[in-house]
Amino acid sequence: MNPRGVYLNNAATTWPKPPEVAEAMYRFMTQGGANLARGSASSRDLSTMDMVLSCREELAKLFGGYSHGDPRYVTFTSNVTESLNLVLKGYLKPGMTVVTTSMEHNAVIRPLRRLEGQGVTVRVVTCSQDGTLPLDSFRDALSGGDLAVVCHGSNVCGTLQDLEAVAETCHRRSVPLVLDSAQTGGLEEISVSDLSIGALCFTGHKGLMGPQGIGGVVWSPWMAEACSSLIEGGTGSFSHEETQPSAMPDKFESGTPNLPGIAGLLAAVRWINSVGSQGHKGQGGGAQGAVTPGFAGDTGDRGIRRDGSQGIPWGGGDEPPVGGQRDLGHGAVRAGHRDQAGASLCPPGPQDPGYLPRRGIEVLGGVFQHPGGHTQRLGGPPGGLRG
Ligand SMILES: Cc1ncc(COP(=O)(O)O)c(C=O)c1O
């Protein structure tokens, strides 16, 4: 751990994780390690099955799964990007219309643009300058629509949509709602069954406090039924059949899953379920309060309302080159983004690109995989600084 460091990049991935997460992954690798449903019912085989089932149950509990948290309707994927691809490409067929917002991450807009090329109509509702979805325009756009996909919390500026109102609007128009909960899962209370959400897509490594490389979908049973699978293959079940099983959860889970990731996620979600979303958020909320005033001097009256991550306007100039992650000793920021991100927070005077890393401050600067949101929310040139 780095006692001098200030980690402000939780919207990219949370860190540090609860110690139980790494411990559970280590335990699985050293003491368990059996594959899922592909062994001889040894105690290690059973313990893997038990672990995977428990993780589904904990996620169904956290997200208010249908049928009293039926664990079969929790699917594991690698991340929310894969979850969104699975749901959007599995559900939308040529001739259908999907409604979305101008605040979507590339994990939504890129699959939709691809589907558009295949005959799906994409309607994008423009959000207001603070990133809020105008419900009247949304309701109008839903008319004749087949599916809606909405980002709950913006990764650019943290604006939260009024999920209850969004879900109610979709429900009234009989348009199924797909929710991108990347920035809010684990932090905001969400009940898919209470809100009649069609599919909630989550990622494990942000607010859920799990490791990277694990995510999933919490389905409504009818949406799981209506969606086709994205990949087919071995499921450890129905092995004598040449066609993909339609039974859940096997339908969407071909190939060996990320079992160490599920072990870590289970520990993380158990921890969240024990403290509650509000308790978990309360711990992060304290840090948020400390960060915001620190930024205020640099952002002026363009400071950002934040619920999960912080965002401040980009210091100017063109989009920076995107580079890889660099270990900078006390700091790790995205190389390429780093210099101009640093400029935004530099005190007046000569800009010093090493300002943040030297102080052990880890942030993400640049365009957060969502160019539209920058123009939308922050105005001016695309880019920002987020922690
Ligand atoms: C709103 C939103 N959606 C989707 C994603 C993609 O997440 P992942 O890389 O875990 O698939 C992110 C990541 O920052 C995000 O903020």
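A brief report on the enclosed structure follows. Bear in mind that the values here come from a model prediction, so they are computed numbers and not experimental data.

### Considerations on the overall build of the protein
Stage number 1. Within the protein one finds 12 helices and 12 strands.
Stage number 2. Across the 387 residues that make up the protein, the buried fraction comes to 48%.
Stage number 3. At a minimum sequence separation of 6, the contacts of the protein that also span at least 24 residues come to 67%.

### Comments concerning the nonpolar core
Stage number 1. The biggest cluster of nonpolar side chains holds 78 residues, and the ones touching the most others in it are V87, A148, V178, L200, C201, V218 and I262.
Stage number 2. Ranked by the residues each element gives to this core, the list is headed by helix 9 (residues 259-299), at 10 residues.
Stage number 3. Leaving out residues up to four positions away in the same chain, V218 has contacts with L59, A60, F63, G65, Y73, V74, V192 and L200.

### Considering the site of the ligand
Stage number 1. Residues in close proximity to the ligand include N79, V80, T81, H105, A107, C151, N155, D180, A182, Q183, T203 and G215, which together make up its full environment.
Stage number 2. Partitioned by chemical class, the residues of the shell around the ligand number 4 nonpolar, 7 polar and 1 charged.

### Remarks on the packing of helix 6 (residues 135-142) against helix 7 (residues 163-172)
Stage number 1. Here helix 6 crosses helix 7 at 25°, and the two axes come no closer than 10 Å. Taken together, the axis directions place helix 6 and helix 7 in an arrangement best described as roughly parallel. Here helix 6 and helix 7 pass one another in a crossing that is right-handed. Within the contact between the two elements, helix 6 uses L135, F138, R139 and L142 and helix 7 uses A165, T169 and C170.
Stage number 2. For the contact of helix 6 with helix 7, the per-class residue count stands at 5 nonpolar, 1 polar and 1 charged.

### Remarks on the sheet that holds strand 7 (residues 199-203)
Stage number 1. Strands sit in the order 2-8-7-6-5-3-4 across an open sheet of 7 strands; the sheet is mixed. Both edges of this open sheet fall to strand 2 (74-77) and strand 4 (121-125), since each of them pairs with a single strand only. Going from strand to strand, the sheet's axes swing by 20° on average, the running direction of each strand aside.
Stage number 2. As defined by bridge partners, strand 3 (residues 97-101) adjoins strand 5 (residues 147-151) across 2 bridges and the pair is classed as parallel. The residue of strand 5 that forms the bridge with V99 is A148.
Stage number 3. Sitting on the sheet, helix 4 (residues 80-91) is in contact with strand 2, strand 5, strand 6 (177-180), strand 7 and strand 8 (215-219), with an inclination near 155° to strand 7.
Stage number 4. Against the sheet, helix 6 engages strand 3, strand 4 and strand 5, with an angle of about 165° to strand 4.

### Examining the environment of M51
Stage number 1. Along the polypeptide, M51 turns up in helix 2 (residues 43-62).
Stage number 2. A sequence separation of 15 residues divides M51 from L36, and the C-alpha atoms of the two residues are 9.7 Å apart.
Stage number 3. Dropping the residues within four chain positions of it, M51 is found in contact with I262, A263 and L266.

### Quick look at the packing of helix 4 against helix 5 (residues 106-116)
Stage number 1. At their nearest, the axes of helix 4 and helix 5 sit 9 Å apart, and the two run at 30° to each other. Between helix 4 and helix 5, the angle falls in the class roughly parallel. Classified by chirality, the crossing of helix 5 by helix 4 is right-handed. Facing helix 4, whose interface residues are V80, T81, L84, N85, L88 and K89, helix 5 presents A107, V108, P111, L112 and L115.
Stage number 2. Residue classes in the contact of helix 4 with helix 5 are distributed as 8 nonpolar, 2 polar and 1 charged.

### Digging into the pairing of strand 7
Stage number 1. For strand 7, a buried count of 5 out of 5 residues is recorded, marking the element as mostly surrounded by other parts of the structure.
Stage number 2. In strand 7, alternate side chains face the same way, and those of A199, C201 and T203 on one face and L200 and F202 on the other are all buried.
Stage number 3. Pairing of strand 6 with strand 7 involves 3 bridges; the strand directions are parallel. Note that in strand 7 the partner of D180 across the bridge is C201.
Stage number 4. Taken together, the 5 bridges between strand 7 and strand 8 define a ladder with antiparallel strand orientation. Note on strand 8: the bridge partner recorded for T203 is G215.

### Some remarks on the pairing of strand 2
Residues in a regular strand point their side chains to alternate faces of the sheet.
Stage number 1. Because side chains alternate across strand 2, one face comprises the buried residues V74 and F76, and the other comprises T75 and T77, equally buried.
Stage number 2. Across 4 bridges, the pairing between strand 2 and strand 8 is antiparallel. Residue T77 lies in a different strand from strand 8, and its bridge partner there is G215.

### Digging into unusual backbone geometry
Trans peptide bonds make up most of the peptide bonds, and negative phi angles are found at most residues other than glycine.
Stage number 1. Note the cis peptide between W15 and P16, where omega equals -5°.
Stage number 2. Looking at the element boundaries, P16 is found in the loop between strand 1 (6-7) and helix 1 (19-31).
Stage number 3. For the bond from M248 to P249, the omega torsion is 5°, close enough to zero to count as cis.
Stage number 4. Assignment of secondary structure puts P249 in the loop between helix 8 (221-226) and helix 9.
Stage number 5. Non-glycine residue A41 carries a positive phi angle of around 65°.

Reading the values: the criteria
- Residues numbered from 1 in each chain as written.
- Predicted model: local features only at pLDDT ≥ 70, side-chain atom pairs only at ≥ 80, totals over all residues.
- Helix = DSSP H or I, 4+ residues; strand = E, 2+ residues; numbered from the N terminus.
- Buried ≥ 20, exposed ≤ 12 C-beta atoms within 10 Å, placed from the backbone.
- Contact = placed C-beta atoms within 7 Å.
- Core = buried A, V, L, I, M, F, W, Y, C linked by C-beta atoms within 7 Å.
- Near = placed C-beta within 6 Å.
- Nonpolar A, V, L, I, M, F, W, Y, C, P; charged D, E, K, R; others polar.
- Axes fitted to C-alpha atoms, helices over the stretch in contact; angles between N-to-C directions.
- Parallel < 35°, antiparallel > 145°, perpendicular 65-115°, else oblique.
- Left-handed = near helix turned anticlockwise from the far one by under 90°.
- Pairing = 2+ DSSP bridges.

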